[in-house]
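# Topology and contacts: notes
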Amino acid sequence: MARGAPSPADQQVVRELAAREMVVTASQLESWRRAGLLPRHRRRGLGRGRGSVVDAVDPVVVESAAALARHLRQGRDRRLAVLEWFAEAGMPAQPEGVRVPEPPAGAVREALVWVLRGSLSQQLVQVARSAAGAGEEGGDALYAAAGRLIAAHPYRGAAHPALVRAALLADDDLPGGREFQGMVHLVAAIGLGAQEVGADALAEAFAGWGMFGLTVEDWAQMLGAAERGEGPPVDWELLQRNADVLGPVGLAGDEDLVRARTVLLGLQGFYAMYMMHGLFMPDTPGLAALRDLIDSWGMGAILGHMISLNPSPRQFAESLTVCLEPIFDGLYEALMEQLAQDPYIFHIPGDDTGAVGFMETWVRALRELAAAG
């Protein structure tokens, strides 16, 4: 074999991918290998001075190359492809399908850090910290800069699905979600200090997030009592320590990132079922119990902020980082326990057709809604 010619093992990988209608060259395989994204073929030594040989191509090499071929398009940054690969590796294998192998942990961590450094969350933290100790003029500049960043990424949270369902049934205007603009006060608290911002402004920010389902008045009452020394003190240093989204990733081990992915993908499914109630998904005791659990934790609005049902790699990275927080792991476990108690969530009581009848009922309700205008 001439120097530089593709190895028989790489030629076999190319053929196997071509059979799946994936066009990959041997030079691409070597480029991915040099970048640390593709495992090397396992070789067996032939004895002293006789070299080594690849007895059989490891399926992990083939499936890793297939994952890269699916997600790495010409001109696209490899780090985005790695994040899509990492997300795909957490999905259940398709029937008779081969499970997608995990991408290299170092490549996943590098991609996460790269995305998070350019995220809106990190930009806001940088703006906040640049204003620390800058006095009144610095505070004004902070509010102005943070306001511009938030306005450039407009977001209005999703309304509660029960309110959406009721509005559709009554032919009323659909309710809007919570405004996000109050988050500027949290940014100011990071840079100027919570005491400088004040309880009323922070109450607006926390309520805008929808934290624990509390209203502005609820938060104002609790924070005001703490500010006056009439209630439990608030550890505002937690806000400072947890503001930097890069911090949790730096502290997380590889297993922590995999667990956060499990939590995120699980919460995506539960949140989809939660929101589809607003679009006339048939109600069952199991689905109602899952919705009630999310509401009892006061997490519906927070999930609306962080969950995207078809996330981009950048959205996936930010949501994954959020899921490193123990509260999301706890919610996921609670929902899984509830699901185990009533796994037949798509079976309408009294309907022996099971999931098929469930879907037929849902489609019929949507058609009736459309026919009614």
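Scroll up a little and you will see the structure.
Residues numbered from 1 in each chain as written. Predicted model: local features only at pLDDT ≥ 70, side-chain atom pairs only at ≥ 80, totals over all residues. Heavy atoms only, no water.

## Digging into the overall build of the chain
A count of helical and extended segments in the chain gives 20 helices and two strands. Relative to its full complement of 373 residues, the chain shows a buried share of 42%. Put simply, 64% of the contacts in the chain that link residues at least 6 apart link residues at least 24 apart. Accessible surface for the chain amounts to roughly 20,300 Å². Of this, 55% is attributable to carbon and sulfur atoms. (Helix = DSSP H or I, 4+ residues; strand = E, 2+ residues; numbered from the N terminus. Buried < 20%, exposed > 50% of the residue type's maximum accessible area, 1.4 Å probe, protein only. Contact = heavy atoms within 4.5 Å. Areas by Shrake-Rupley, 256 points an atom, 1.4 Å probe, with all protein chains shown as cover.)

## Thoughts on unusual backbone geometry
Non-glycine residue E21 carries a positive phi angle of around 65 degrees. For E21, the position within the fold is in the loop between α1 (8–18) and α2 (26–34). Positive phi, normally seen in glycine, also occurs at D171, with a value near 60 degrees. For D171, the location among the structural elements is in the loop between α8 (161–170) and α9 (183–192). Among the residues examined, D171 registers a relative accessible area of 66% and is labelled exposed.

## Here we look at the nonpolar core
In terms of nonpolar packing, the biggest core is built from 69 residues, with L267, L303 and F328 touching the most fellow members. A total of 10 residues in this core trace back to one element, the largest contributor, which is helix α15 (residues 254–276). When near neighbours in sequence (up to four residues on either side) are disregarded, F328 contacts V263, L267, M299, I302, L303, M306, V322 and C323. One finds L142, A201, F206 and W219 within the second-largest nonpolar core, a separate group that totals 27 residues. (Core = buried A, V, L, I, M, F, W, Y, C linked by side-chain atoms within 4.5 Å.)

## Observations regarding the packing of α15 against helix α16 (residues 285–296)
Contact geometry for α15 and α16: axes closest at 10 Å, N-to-C directions at 105 degrees. By the angle class used here, α15 and α16 are roughly perpendicular. Listed contacts from α16 to F270, M273 and Y274 of α15 are L287, L290, R291, I294 and D295. Of the residues in the contact of α15 with α16, the class split is six nonpolar, no polar and two charged. (Axes fitted to C-alpha atoms, helices over the stretch in contact; angles between N-to-C directions. Parallel < 35°, antiparallel > 145°, perpendicular 65-115°, else oblique. Nonpolar A, V, L, I, M, F, W, Y, C, P; charged D, E, K, R; others polar.)

## What to know about empty space enclosed by the protein
Per the stated rule, a full pass over the model turns up two cavities of 30 Å³ or more. By volume, the largest cavity amounts to about 40 Å³. Going through the elements one at a time, α15 and α16 are the ones with two or more residues in the lining of the largest cavity. Classifying every residue of the lining of the largest cavity by side-chain character gives six nonpolar, no polar and one charged. (1 Å grid on protein atoms, 1.4 Å probe; cavity = no way out; pocket = protein on both sides within 12 Å on 5 of 7 lines; lining within 4 Å. Points joined across faces, edges and corners; volume = space filled by probe spheres on them.)

## Some words on the pattern of salt bridges
Taken as a whole and assessed by the stated rule, the structure comprises 11 salt bridges. E102 serves as the salt-bridge partner of R261, at 2.6 Å between the closest nitrogen and oxygen. Placement of R261 in helix α15 and of E102 in the loop between α4 (78–89) and α5 (105–117) is noted, with a sequence separation of 159 residues between them. Using a relative accessible area of 4% as the deciding quantity, one classes R261 as buried. One salt bridge in this structure joins D283 and R291, with 2.9 Å as the shortest N-O distance. Each of the salt bridges in this network shares a partner with another, and the network as a whole consists of D10, E30 and R33. (Salt bridge = Lys/Arg side-chain N within 4 Å of Asp/Glu carboxyl O.)

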